[in-house]
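Structural features, examined
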Amino acid sequence: MGTLIWLVLLVGTLLTLAYRRTDLKTSTVVLGALLLVYLLFGDGGFLWKLLLIALFALFALLNVEQFRRDNITRRLFGIYRSMLPSMSKTEQEALEAGNVWWDGELFTGMPDWRRLENLPPPKLTPEEQAFLDGPTEELCRILDEWQITHELADMPPNVWQFLKDHQFFAMIIPKEYGGLQFSPLACSMILAKLSSRSTVAASTVGVPNSLGPAELLLHYGTDEQKQYWLPRLASGEEIPCFALTSPRVGSDATALVDHGVVCKGTWQGQETVGIRLNWDKRYITLAPIATVLGLAFKLYDPEHLIGEVDAYGITAALIPMDTPGIEVGRRHFPINIPFQNGPVRGHDVFVPLDAIIGGTKMAGQGWHMLVQQLAVGRSIVLPSNALGGAQAALYATGAYAKLRRQFNLPIGKFHGVGEAIARMAGNVYTMMAASRVTCTAITNGEKPSVPSAILKYHNTELGRQVAADAMDVHGGKGIMLGPKNYLARGYEGVPIAITVEGANILTRNLIIFGQGAIRCHPFVRAEMDAARNPDRDAGLIDFDRLLFKHLGYGLSNAARSLVMAVTLARFTDVPVAGPTRRYYQHINRYSASFALITDAAMFTLGGELKRRELISARLGDILSYLYLASMVLKHYQDQGEPAEDLPLVEWSCRTLLYKTQEQFHGLLRNFPNRWVAALLRFFIFPRGRTYFAPSDVLGQEIVELMINPTPTRDRLAAGIYTAVEPGNQLGLLQQAMEIAEQVKPLERRVFDARRAGDIKADDTPSQIDEAEQKGILTPTEAEAVRAFDQRMLDVTGVDDFAPDELRRKGA
Ligand SMILES: Cc1cc2nc3c(=O)[nH]c(=O)nc-3n(C[C@H](O)[C@H](O)[C@H](O)COP(=O)(O)OP(=O)(O)OC[C@H]3O[C@@H](n4cnc5c(N)ncnc54)[C@H](O)[C@@H]3O)c2cc1C
């Protein structure tokens, strides 16, 4: 055989072994067999064959652990230990929060789709469904966002009472303490529904069911604390808030300066050991009306009254708001969404030691408690609120774009407007998929901290895009405030979700990949643990085993990335056939490229990667897009694969995978080591950038699904408040849209008659009159068109006010 054929055989064998992730022993046997065949039949000279035998022998020696450890790993182990970035306790705690789920699969470069398929579709219990259809629907009915945001700057007393009576603040509290004990999925769906009706109500309900006193008590409280506080919180007798942020301390919450000193003092007439606290907090949701404060502060014990430690670090305590020394009641005014939020200050407030959540054994554990709870909570409240708001905006916009006409056409028919509507629909589909599937995973026991950061960032960012598109499509109707405006408050409120629970710039740049890289990588965390092992020999043994697996994994990812890039992933195994198959295959491809570039970034940048925020952000984007595209595919399956929804699946996956490709490109262009970047480009884009964004035609298909009453439109509005009743503009718009379909043939008759010159009048009411007079429409038909025209004017109309009505009565 010619040299070329042997070369092809060798490269093919190496690629196949790497692509299939074959272990070292099996690879050695296969390569040995190939060498044997070559020695017998190949036509190379003696020296050449000797060289090959020597090379193979060296390779085979890698199977001998002792040899490998002494000659290779030991040196690398020393270098690795010296390069290991220092990790603060807070970073370590953030890394330990939650667990690894589908995010981990994407990091392997070879995702096991069964992990996602095994997750059952979302399902509420009958009790949860009844709560959604009963009290939640009823609450939506009595909410009047204009009254709340403009007239009262608060929810009216009957709404507050309704919230307490129906235990909206106790959704996460177990039944044994009198709460509702709803699943994360149910909480998410209830919040999304409320958010489709009132941003203020959704924010108010979200907070006690998120990171706060109830959640912390449940996980860390002593039995006495649980028995005392949880039933009171469940019944609504106590309203909680949680205070971490202060004037000097925002994103870097660990730098907080609010403090408590262990000392002797008087509590309820008795001298006791307690804590004297001083704090100055701001931005605290529910603080102006709360009865109990969850407080984060740094605890000091200079007199060693509770132990040997001087400074314990961040600690969380529960403090009744009527404790002397607390100053509360003033309000901030959050961007025209006036839910209760304000500063709370404490001056020399003395509380007993058992105010510490979990008692003195939890002194200094506050940060750990917070990040553990945030690891899951972040995927529920804000992403669900963003989803509900976006669903409502889309539902309204689709109907509005059909009803509002310019140039004799519904504005949805103009391709420019259609582009915005298609983008809204695709984004809502993505948000819904991410929220439903991730909340179902959490309901089934997962605690995925990286996906929760992905959801927090992307659902709120997509929500911002949906809100902006909705405003653009509505033109002046979106801008004029009043009871008829269903968009502007949601649009104004977007930055709230962007800012809280980890502001988005920080979440994108530091958290998603920053935590994901070490948390989800199949080897890095274990390698770091091995390197930090105080028993150096035991560490070396572990490190050696991990290192060689890691090397094999790196080679495999390079091979997989290259092969799938060359073949456009056509031959990679995925568990589905049919129209979505290609998206699964592209996710496989980009997962391998992602795993490869992650290793390259970590290897070349080491601890410096932490500071290279834009590299980290792009890696986080790639991980996020792959995660979201997987959620879209799973959601489509969970919905029974309705063929009519395929354009949305295609738009979402195409958009996400196209953005993935572009972020790879941006990453390679900015990768600090240019040689490594060139090599990576060969493995990732050997054929250049080949993936395309959704086509205009696809966008127009989606528009038709959104501006007409279709099952797809209904599915995208699932769970939001669409009741047809006075005051609910969403329901009225839908109703008008359905009537528009019925009168369409009649309007067409008038239109044709006008074109033929049989009707001369210019304005619509006169045209209808003329059509009736001339027998083009029967009196009943004319009445139907007239009524529709009036209804259309009504639902697309805006409010006006007497000058006095707009004058503020005082800030
Ligand atoms: C309406 C509302 C309700 C709130 N409710 C509560 C509550 O109930 N309890 C509570 O304790 N707190 C609450 N907060 C506070 C909220 O958690 C903080 O606003 C948030 O942590 C951000 O802090 P900051 O506003 O001081 O912004 P800063 O920390 O000053 O950040 C400003 C910008 O810098 C970015 N940034 C900061 N560090 C980095 C970095 N290393 N890399 C990249 N970007 C970075 C941020 O992303 C942000 O965009 C609330 C805030 C708002 C607005």
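Refer to the structure printed above.
All residue numbers refer to position in the chain's written sequence, counted from 1. Reporting in this predicted model follows two pLDDT cut-offs: at least 70 for local features of residues, and 80 or more for side-chain atom pairs to be given and counted; totals over whole chains, interfaces and linings ignore these cut-offs and use all residues. Hydrogens are left out, water is left out, and the side-chain values use all remaining heavy atoms of the structure.

Quick word on the packing of helix α11 (residues 184-195) against helix α16 (residues 381-403)
- Comment: axis = line fitted to C-alpha atoms, over the contacting stretch for helices; angle = value between 0 and 180 degrees taken between N-to-C directions. Numbering of helices and strands starts at the N terminus; helices are DSSP runs of H or I of at least 4 residues and strands are runs of E of at least 2. Packing of α11 against α16 leaves a shortest axis separation of 7 Å and a crossing angle of 45°. Classified by the angle between their axes, α11 and α16 sit oblique to one another. Considering how the two elements wind past one another, α11 and α16 form a crossing that is right-handed. Contact with α11, carried on its side by Ser-188, Leu-191, Ala-192 and Ser-195, involves Val-381, Ser-384, Asn-385, Gly-388, Gly-389 and Gln-391 of α16 and no other residues of that element.
- Each residue is assigned to one class: nonpolar for Ala, Val, Leu, Ile, Met, Phe, Trp, Tyr, Cys and Pro, charged for Asp, Glu, Lys and Arg, and polar for all the others, Gly among them. Here the contact of α11 with α16 is composed, by residue class, of 3 nonpolar, 7 polar and no charged. By the definition adopted for this analysis, an angle is roughly parallel if under 35 degrees, roughly antiparallel if over 145, roughly perpendicular if from 65 to 115, and oblique otherwise. Throughout, a crossing is termed right-handed when the near helix is turned clockwise from the far one, and left-handed when it is turned anticlockwise from it by less than a right angle. Throughout, a contact is declared for two residues whenever any of their heavy atoms are within 4.5 Å.

Section: the site of the ligand
- Distances are taken per atom, and a residue is near a molecule or strand as soon as one of its heavy atoms is within 4 Å of it. In the vicinity of the ligand lie 19 residues, with Leu-244, Thr-245, Ser-251, Tyr-283 and Glu-613 positioned nearest.
- Calculation on the ligand without its partners gives an accessible area of 980 Å², and the protein chains cover 68% of this total.
- For the shell around the ligand, the secondary structure elements donating two or more residues are β1 (240-243), β3 (270-285), α20 (488-499) and α21 (504-520).
- Of the residues assigned to the shell around the ligand, the class counts are 12 nonpolar, 6 polar and 1 charged. Exposure was quantified through the Shrake-Rupley algorithm and a 1.4 Å probe, taking into account, for residues, occlusion by the shown protein chains and nothing else.

With respect to the environment of Thr-73
- Note on placement: Thr-73 falls in helix α4 (residues 65-83).
- Working definition: with a 1.4 Å probe on protein chains only, accessible area under 20% of the residue-type maximum means buried, over 50% means exposed, and in between means partly exposed. Residue classification places Thr-73 among the buried positions, given a relative accessible area of 0%.
- A sequence separation of 84 residues divides Thr-73 from Pro-157, and the C-alpha atoms of the two residues are 69 Å apart.
- Excluding residues within four positions of it along the chain, Thr-73 makes contact with Arg-68, Leu-540, Phe-543, Asp-544, Leu-547 and Phe-548.
- What qualifies as a polar contact is a pair of N or O atoms within 3.5 Å, subject to a donor-acceptor requirement within protein and to the restriction that residues adjacent in sequence count only when both atoms come from side chains. Within the structure, the side chain of Thr-73 is placed 2.5 Å from the side chain of Asp-544, a separation counted as a polar contact.

Overview of a negative patch on the surface
- Put simply, a patch holds well-exposed residues, over 30% relative accessible area, that have no salt bridge, with like charges counted together within 9 Å and Val, Leu, Ile, Met, Phe, Trp or Tyr side chains within 5 Å. We define a salt bridge as a contact between a side-chain nitrogen of Lys or Arg and a carboxyl oxygen of Asp or Glu at a distance within 4 Å. Charge assignment in this entry is limited to Lys and Arg as positive and Asp and Glu as negative, and neither His nor the chain termini are counted. All charge positions are set by atom: Lys at NZ, Arg at CZ, Asp at CG, Glu at CD. Residues Asp-144, Glu-151, Asp-800 and Glu-805 make up a contiguous surface patch of negative charge.
- Tracing the chain through its elements places Asp-144 in the loop between α8 (126-142) and α9 (145-152).
- Judged by relative accessible area, which is 35%, Asp-144 ranks as partly exposed.

What to know about the pairing of strand β5 (residues 311-320)
- Most of β5 sits out of view: 7 of its 10 residues are buried.
- As defined by bridge partners, strand β4 (residues 292-300) adjoins β5 across 9 bridges and the pair is classed as antiparallel. Note on β5: the bridge partner recorded for Ala-296 is Ala-316. By this definition, two strands are paired if DSSP reports at least two bridges between them.

With respect to the pattern of salt bridges
- According to the stated counting rule, one finds 38 salt bridges in the structure shown.
- Note that Glu-238 and Arg-232 form a salt bridge whose closest N and O atoms lie 2.9 Å from each other.
- Note that Arg-786 and Glu-772 form a salt bridge whose closest N and O atoms lie 2.6 Å from each other. With Arg-786 in helix α32 (residues 779-795) and Glu-772 in helix α31 (residues 764-773), the pair connects residues that are 14 residues apart, well separated along the chain.
- One continuous salt-bridge network, built from bridges that share partners, spans Asp-769, Glu-772, Glu-783 and Arg-786.

Focus: the packing of aromatic side chains
- Centre distance within 6.5 Å is the pairing criterion for rings of Phe, Tyr and Trp, where only the six-membered ring of Trp is used; planes under 30 degrees apart are then read as stacked, over 60 as edge-to-face, and the remainder as tilted. For the structure shown, the criterion picks out 20 aromatic pairs.
- On the numbers, 5.0 Å between centres and 50° between planes, the contact of Phe-77 with Phe-543 is tilted. Here Phe-543 lies in helix α23 (residues 536-566) and Phe-77 lies in helix α4, a separation of 466 residues in the sequence. Of the two residues examined, Phe-77 and Phe-543, each falls in the buried class.
- Summarising the aromatic geometry, the rings of Tyr-80 and Phe-543 are spaced 5.0 Å apart at their centres and angled 50° between planes, so their arrangement reads as tilted. Residue Tyr-80 is found in helix α4, and its partner Phe-543 is found in helix α23; the two are separated by 463 residues along the sequence.
- The class for Tyr-80 is partly exposed, based on a relative accessible area of 21%.
- Relative accessible area serves as the criterion here: at 2%, Phe-543 is assigned to the buried category.
- By the ring-pair criterion, three or more aromatic residues cluster together here, those being Phe-131, Phe-162, Phe-168 and Phe-182.
- Over the face of the ring belonging to Tyr-38 we find Lys-49, whose NZ or CZ atom lies 5.8 Å from the ring centre.
- In our convention, an over-ring charge means Lys NZ or Arg CZ found within 6 Å of a ring centre and within 35 degrees of that ring's normal. Above the ring of Tyr-395, the side-chain terminus of Arg-713 is found at 4.3 Å from the ring centroid.

Some points on empty space enclosed by the protein
- Think of a 1 Å grid over just the protein atoms. A cavity is a set of points where a 1.4 Å probe fits yet cannot get out, a pocket is an open set with protein on both sides within 12 Å along at least five of seven lines, and lining residues have an atom within 4 Å of a point. Grid points are joined across faces, edges and corners, and a volume is the space filled by probe spheres set on the points. Under the counting rule described, the total for this entry stands at 4 cavities of 30 Å³ or more.
- Among the secondary structure elements, those contributing two or more residues to the lining of the largest cavity are α17 (415-443), α18 (449-474), α25 (613-638) and α26 (646-670).
- Looking at which element gives the most residues to the lining of the largest cavity, the answer is α26, with 4 residues.
- For the lining of the largest cavity, the residue count by class is 5 nonpolar, 4 polar and 1 charged.

Section: a nonpolar patch on the surface
- A grouping of Trp-48, Leu-51, Leu-55, Leu-58, Leu-61 and Val-64 is seen on the molecular surface, where their side chains present a nonpolar patch of about 550 Å² in accessible area.
- Residue placement: Leu-58 occurs in helix α3 (residues 46-61).
- Taking relative accessible area as the criterion, Leu-58 reaches 52% and is therefore assigned exposed.

Brief notes about the nonpolar core
- Of all hydrophobic cores here, the largest spans 113 residues; its most connected members are Trp-101, Phe-594, Ile-597, Tyr-627, Met-631 and Leu-716.
- Other than its neighbours up to four places away in sequence, Met-631 contacts Trp-101, Trp-102, Leu-116, Ala-433, Ala-434, Val-437 and Thr-438.
- Buried Ala, Val, Leu, Ile, Met, Phe, Trp, Tyr and Cys residues that are joined via side-chain atoms within 4.5 Å together make up what is termed a nonpolar core. Listed in part, the 95 residues of the second largest apolar core include Met-171, Trp-279, Leu-318 and Met-321.

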